[in-house]
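Here are the chains, one letter per residue:
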Amino acid sequence: MSEEKDPTNWKAWYIGLVAFLVVQIVVFLWITNSYGS
Amino acid sequence: MSVIDWIVLMGTLVLIVAYGSWKTRKNNNLESYLKGNNSENWATIGLSIMATQASAITFLSTPGQAYESGMGFVQFYFGLPLAMILISIFFLPVYYRLKVYTAYQYLEQRFDVRVRSFTAFLFLVSRGLAAGITIYAPSIILSTILGWNLQLTCLLMGGLVIIYTVSGGSRAVSLTQKWQMGIIMTGMFVALYYVIDSFPDHIGFKDGVDIAGSLGKMEIIDLSTDLSNRYTLLSGLTGGLFLFVSYFGTDQSQVQRYLGGKSLKESRMGLMFNGLLKIPMQFFILIVGVMVFISFQFNRPPIVFNPVTVDMTAQQEQSLKIIEAEYDVIFQEKRALLQAYKPNDTIQMASVQTLQFKQDSIRQSYKASLLKIDPDFEDKDSDYIFLTFILNFLPPGLIGLLLAVIFSAAMSSTAGELNSLSATTTIDYYKKFWSKTDDDKKDLRVSKWLTVAWGIMAILIALTAGMFENLIQLVNILGSLFYGTILGIFLLALFFKRVHGTAAFIAGIVAQITVLAVHLLKTYEVIDVGYLMYNFIGCMMVILVGIVVQMIYKEKGKKELLKTE
């Protein structure tokens, strides 16, 4: 396990992941409303 | 199965076992055996995490679940990306800082040895049972299709996994999982192609989705707040979140996958990889199931998907034939309507809906009749649906590939489980309580033998497992019975700094008894709680009881201090 400094912007990753989840839920809602019986 | 199917299936299995064993043959100490010398990059970690979670059950039950109930099951995974973020922020840095082999080592540093041993015990019970079911699921399918002896199939399946897991340890598990995921995804794409290919020429994927929607299979999101509904947006984001934080953050079979990373960054990236791809992957598997449903609108499906081996009289046989003839008439009528399918023809689709409802009712009454004749008949046949399609619609060679998918999924999960069960027994029990010397060679030998022992235990459980309502749900219920308590203990450790060992230990025991009591009450239909809520109940009980007991101890301590003064 190396201890080198990590320059990754993790906050951006987390926000991106949450945004991707929201987009997926919105798309699924759209499918439910468009194709649901 | 043709010769070419056998060659593809056996070739894939032998290559995986040989590759895993050969690539990791130089394992010569406990650290390389249990942590793979911290050499994995983010892609291997991500694929390994996904392969450990996705067992054969995932690829057999999930399409069947979509066939029966539609796409709603995907909501179960909504908590997963959020769980990846929480683990990345709170759990991973602690594990890395303390350089632990197992998640439970941290609990001794934070609380005491009792809490560590109790939590490790809960993990061993739940994961040990799950490992048996992971072997049982594909074995029963193979034995049903090929007429193989179920016991021999379980032995073969478990034996293959034991070979490379024992010889190569954690690194062999991760390396083979990477290739197994490749085989799995290739196989599923091939399956989807052949499902759509089985539609009539004028029906395409878009028409399939339209028809599925009209027949109630495309209702992905359920906004209801009814706690007894298994899959809703709310249960996915709450119960699912608890389950996944617990599973990925505290279950050693997952923790061991990302603790083998080159660095904290690689491990975090592996978790992000899982968070990004898991929901699309589950959506894809479910859509395959929905498309199989559409295919069986044009190709007559069997009235029950599992083979019927019920002894019956001539009269009983006759009555079943009458039901089946009725089923045929309805199916033909519905197919004729769908052959003339036109988008947006609501009147036509209303007739199709009515006929589908009738077809489902006839199927249910057929199953009910079979159950009357033989109460032991397994009336839940959804796990056989996808396989029935594969055997009937895929060309020779590709049937072998799809069976290799099921085997790969089972082997990748079982390997991760055996590896982690051995690691926990070695580190949290053997090295903690029995090993008096620091003899690394001996510890490595013990760890390998423990892997063999857990492998044999998993095979024994598989040999005694019966058929349950739905295999994937059984595994989730097993997890939910223990994960809430385990997660609660870890949350106490991370966020409630004033709670000490004794309070955490009492809280853990009280919470576990409560969850088991709730499950018992649900089993006897006294209360109705979705099983995902067990995670929430267990977790909250640990935290609340932990805080209360700690306050009582604090009061007691103050009084005793006053007395002595």
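Residues numbered from 1 in each chain as written. Chains lettered and ligands numbered in written order. Predicted model: local features only at pLDDT ≥ 70, side-chain atom pairs only at ≥ 80, totals over all residues.

A look at the overall build of chain B
Put simply, the rule reads: Strands here are runs of E lasting at least two residues and helices are runs of H or I lasting at least four, both read from the DSSP assignment and numbered beginning at the N terminus. A radius of gyration in this sense is built from C-alpha atoms; the matching globule rule multiplies 2.2 Å by the number of residues raised to 0.38. Buried residues are those with 20 or more other C-beta atoms within 10 Å of their own C-beta, exposed residues have 12 or fewer, and partly exposed residues lie in between; C-beta atoms are placed from the backbone. Here, residue contact means that the backbone-derived C-beta atoms of the two residues sit within 7 Å.
The helix and strand tally for chain B stands at 21 helices and zero strands. Against the 2.2 N^0.38 benchmark of 24 Å for 565 residues, chain B shows a C-alpha radius of gyration of 25 Å, consistent with a compact globule. Expressed along its principal axes, the backbone C-alpha trace of chain B runs to roughly 90 × 55 × 45 Å. When burial is assessed residue by residue, chain B has 53% of its 565 residues classed as buried. In chain B, once contacts between residues fewer than 6 apart in sequence are set aside, the share between residues at least 24 apart is 86%.

Some words on the interface of chain A and chain B
The parts lose accessible area when they come together, and the size of an interface is often stated as this lost area. Keep this limit in mind: When residues are grouped by polarity, Ala, Val, Leu, Ile, Met, Phe, Trp, Tyr, Cys and Pro land in nonpolar, Asp, Glu, Lys and Arg in charged, and all others, Gly among them, in polar.
Taken together, the contact between chain A and chain B spans 20 residues of the former and 26 residues of the latter. Residue composition of the side of chain A that touches chain B, grouped by class: twelve nonpolar, six polar and two charged.

Some words on the confidence of the model for chain B
All names here are of chain B. Condition: pLDDT is a per-residue confidence score from the predictor, ranging from 0 to 100.
Chain-level statistics for chain B give a pLDDT mean of 87 and a share of 96% at 70 or above. By mean pLDDT, the top-scoring element of chain B is helix 13 (residues 264-298) (95), and the lowest-scoring one is helix 2 (residues 30-35) (80). Here the complex is predicted with pTM 0.88, and the ipTM for its interfaces comes to 0.92.

Remarks on the nonpolar core
All names here are of chain B. Definition in use: Among buried residues, those of type Ala, Val, Leu, Ile, Met, Phe, Trp, Tyr and Cys that are joined through C-beta atoms within 7 Å form a set called a nonpolar core.
V292 and I406 are the most contacted members of the largest nonpolar core, which has 164 residues in total. No other element matches helix 13, which puts 17 residues into this core. Residues L30, L34, A423 and I427 belong to the second largest nonpolar core, which totals seven residues.

As for helix 20 (residues 501-523) of chain B
Residue and element names in this part refer to chain B. Here is the rule: Each residue after the first adds 1.5 Å to the expected span of a helix.
End to end, helix 20 covers 33 Å across 23 residues, agreeing with the expected 33 Å (1.5 Å per residue, within 8%). Inspection of helix 20 places A503, A504, F505, A507, G508, A511, Q512, V515 and V518 among the buried residues, and these make up the whole buried set. Where helix 20 ends, the next residue or the one after it, E525, has phi of about 60 degrees, a positive value.

Quick word on the environment of F393 of chain B
Residues and elements named next belong to chain B. Inspection of the secondary structure puts F393 in helix 16 (residues 385-393). Linking F393 and V195, residues 198 residues apart in sequence, is a C-alpha distance of 7.7 Å. Residue contacts for F393: discarding those within four places in its chain leaves Y194 and S198.

Examining unusual backbone geometry
Although it is not a glycine, K99 of chain B adopts a positive phi angle of roughly 50 degrees. Tracing the backbone shows K99 of chain B in the loop between helix 5 (79-98) and helix 6 (103-110).

Thoughts on helix 3 (residues 42-53) of chain B
Think of an α-helix as 3.6 residues a turn; residues three or four steps apart then line up on the same face. Residue and element names in this part refer to chain B. Here helix 3 is twelve residues long and its end C-alpha atoms lie 17 Å apart, about the 16 Å a rise of 1.5 Å per residue gives. Along helix 3, eleven of the twelve residues are buried, which leaves the element largely enclosed by surrounding structure. Looking only at helix 3, the buried set comprises W42, T44, I45, G46, L47, S48, I49, M50, A51, T52 and Q53. Among the structural elements, helix 8 (150-197), helix 12 (252-259), helix 13 and helix 17 (398-434) are those in contact with the buried residues of helix 3.

A few points about the environment of A56 of chain B
Residue and element names in this part refer to chain B. Mapping A56 onto the fold places it in helix 4 (residues 56-69). With 458 residues separating them in the primary sequence, A56 and T514 have C-alpha atoms 31 Å apart. Contacts of A56, omitting those with residues within four sequence positions, involve A137, P138, I406, A409 and A410.

Digging into the packing of helix 5 of chain B against helix 11 (residues 239-250) of chain B
Think of two packed helices as two axes; the pair is described by the angle between the axes and how far apart they sit. Residue and element names in this part refer to chain B. Rules: With axes taken as lines fitted to C-alpha atoms, and helix axes fitted only over the stretch in contact, angles between N-to-C directions fall between 0 and 180 degrees. Note on angle classes: values under 35 degrees are labelled roughly parallel, values over 145 roughly antiparallel, values of 65 to 115 roughly perpendicular, and the remainder oblique. For any helix crossing, the convention is left-handed if the near helix is rotated counterclockwise from the far helix by under a right angle, and right-handed if that rotation is clockwise.
One can describe the packing of helix 5 onto helix 11 by two numbers: an axis separation of 8 Å at closest approach and a directional angle of 45 degrees. Between helix 5 and helix 11, the angle falls in the class oblique. The interaxial crossing formed by helix 5 with helix 11 has right-handed handedness. Counted together, G79, L80, L82, A83, M84, L86, I87 and F91 of helix 5 and G240, L241, L243, F244, V245, F248 and G249 of helix 11 form the full contact between these two elements. Looking at the contact of helix 5 with helix 11 residue by residue, the classes come out as twelve nonpolar, three polar and no charged.

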